[in-house]
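# Examining the three-dimensional arrangement
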Amino acid sequence: LGIYDSSVCWGLGFGISVALRHTSHRYLVFGDYVGGYWSSLGRMYFAYSIIIAISSAFNFVMTHWLPLTHYVAWVVTALWTGIVNYFILK
């Protein structure tokens, strides 16, 4: 794709993975869908779109303004977004 910015890669990867996360969350975390599959997926995309924007900006700050490598930024961003996502989607 020719994309070399780690923050853009983070946002694209996160956005693409939402449908897979939705399925895994159903089986591993939350149980059956409330209100049907499409309604549940729509709510998840809405909730994740906010987190994708915030976490991409956070990742950008860490990799462009702070002296952190994209590997460290990825770990830090993944950890806090995982915790926040659990509470947002619960």
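Description of the structure in this document. (Residues numbered from 1 in each chain as written. Predicted model: local features only at pLDDT ≥ 70, side-chain atom pairs only at ≥ 80, totals over all residues. Heavy atoms only, no water.)

The next point concerns the nonpolar core. In this structure, Trp-10, Phe-14, Val-18, Met-44, Tyr-48, Ile-51 and Ile-52 together form the largest nonpolar core, which totals 7 residues. Sorting the residues of this core by element identifies helix H1 (6–16) and helix H3 (37–65) as the ones contributing at least two each. Residue contributions to this core peak at 4 residues, all from H3. Excluding its chain neighbours within four sequence positions, the residues that come into contact with Trp-10 are Ser-55, Ser-56, Asn-59, Trp-74, Thr-77, Ala-78 and Thr-81. (Core = buried A, V, L, I, M, F, W, Y, C linked by side-chain atoms within 4.5 Å. Buried < 20%, exposed > 50% of the residue type's maximum accessible area, 1.4 Å probe, protein only. Helix = DSSP H or I, 4+ residues; strand = E, 2+ residues; numbered from the N terminus. Contact = heavy atoms within 4.5 Å.)

For helix H2 (residues 18–30), spanning 13 residues, the distance from its first C-alpha to its last is only 15 Å, which falls clearly below the expected 18 Å at 1.5 Å a residue. The set of residues buried in H2 consists of Val-18, His-22 and His-25. Gly-31 sits one or two positions beyond H2 and adopts a positive phi of about 90°. (Expected span 1.5 Å × (residues − 1).)

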